[in-house]
Amino acid sequence: MQAKEPPVVRRWTRHPASVGRARAELQKALANWCLNAIEDAALVVLSELVTNAVRHAHVSPGREIQTRYLREADGVRIEVHDAADERPTLRVPGESGGWGLGLVDELADRWGVDDRDGVGKSVWAVVTAPARNEAQWLG
């Protein structure tokens, strides 16, 4: 039985530059876990979740965003924790935005929002490798 991989946990300031830094950390984790096949989708999902936390988590100065990347059997669970209680919702995209969670909904196998101990929330998404089609093996 293979040992469970420890999660990759990092803290980021609420600054737009944190999006790129968080992406670089996830990219390293995916490479270490041999999950390159899901890299593009996972990086877009992470970018949207961290961007939402940077833009919308209106909390007192000094509060940081935390990311957690957890290896799953066939993919990764991406969590973005922030200290704001307001929960994100899917919106109809338009000129003023609303595209982010739609992308997450499209690219992730599942996603949701959980309460945290204390203040804030955790927005999470699971991205997995596509199931191998039996016809691919027989063809």
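Just so you know, these numbers come straight off a predicted model, no measurement behind them.

Caption draft 1: Main features of the side chain of T67. Counting through the fold element by element, T67 comes out in strand 2 (residues 65–72). A polar side-chain atom of T67 sits 2.8 Å from a polar atom in the side chain of W12. Here the side chain of T67 touches Y69 through a polar contact of 3.5 Å, side chain to side chain.

Caption draft 2: Here's a closer look at the sheet that holds strand 1 (residues 8–12). If you walk across this open sheet you meet the 5 strands as 1-2-3-5-4, and the pairing is antiparallel. Two strands lie at the open edges of the sheet, namely strand 1 and strand 4 (110–115), each paired on one side alone. Neighbour to neighbour, the strand axes of the sheet diverge by 15° on average, direction disregarded. Direction of pairing for strand 4 relative to strand 5 (residues 121–128): antiparallel, over a ladder of 6 bridges. Bridge pairing links V113 to V123 in strand 5. Against the sheet, helix 1 (residues 17–32) makes contact with strand 1, strand 2 and strand 3 (75–82), and its axis sits at roughly 170° relative to strand 1, the strand it touches most.

Caption draft 3: Representation of the pairing of strand 5 within the structure. Burial analysis of strand 5 places 8 of its 8 residues in the buried class, the great majority of the element. Both strand 3 and strand 5 contribute to a ladder of 8 bridges, which runs antiparallel. Paired with I78 across the two strands is A125, which belongs to strand 5. Linkage of strand 4 to strand 5, two consecutive antiparallel strands, is achieved through a turn of 5 residues, within which G118 is found at a positive phi near 85°.

Caption draft 4: Region of the structure containing the packing of helix 2 (residues 39–56) against helix 3 (residues 100–107). Remark: helix 2 packs on helix 3, axes separated minimally by 9 Å, with the N-to-C direction vectors making an angle of 150°. As the angle between them shows, helix 2 and helix 3 are arranged roughly antiparallel. Crossing angle aside, the handedness with which helix 2 passes helix 3 is left-handed. Taking contact as the criterion, the partners of A41, V44, V45, E48, L49 and N52 in helix 2 are, on helix 3, G100, L101, L103, V104 and L107. Of the residues that constitute the contact of helix 2 with helix 3, the class distribution is 8 nonpolar, 2 polar and 1 charged.

Caption draft 5: Structural view of the environment of D74. Assignment of secondary structure puts D74 in the loop between strand 2 and strand 3. With a relative accessible area of 41%, D74 lands in the partly exposed category. The spacing of D74 and P130 is 56 residues in sequence and 8.7 Å in space, taken between C-alpha atoms.

Caption draft 6: Highlighting helix 3. For helix 3, the complete set of buried residues consists of G100, L101 and V104. Viewed along the axis of helix 3, the buried residues span an arc of 90°, placing them on a single side of the element.

What counts as what
Residues numbered from 1 in each chain as written. Predicted model: local features only at pLDDT ≥ 70, side-chain atom pairs only at ≥ 80, totals over all residues. Heavy atoms only, no water. Helix = DSSP H or I, 4+ residues; strand = E, 2+ residues; numbered from the N terminus. Polar contact = N/O pair within 3.5 Å; in protein donor to acceptor, adjacent residues only side chain to side chain. Pairing = 2+ DSSP bridges. Axes fitted to C-alpha atoms, helices over the stretch in contact; angles between N-to-C directions. Contact = heavy atoms within 4.5 Å. Buried < 20%, exposed > 50% of the residue type's maximum accessible area, 1.4 Å probe, protein only. Parallel < 35°, antiparallel > 145°, perpendicular 65-115°, else oblique. Left-handed = near helix turned anticlockwise from the far one by under 90°. Nonpolar A, V, L, I, M, F, W, Y, C, P; charged D, E, K, R; others polar. Arc of directions from axis to C-beta.

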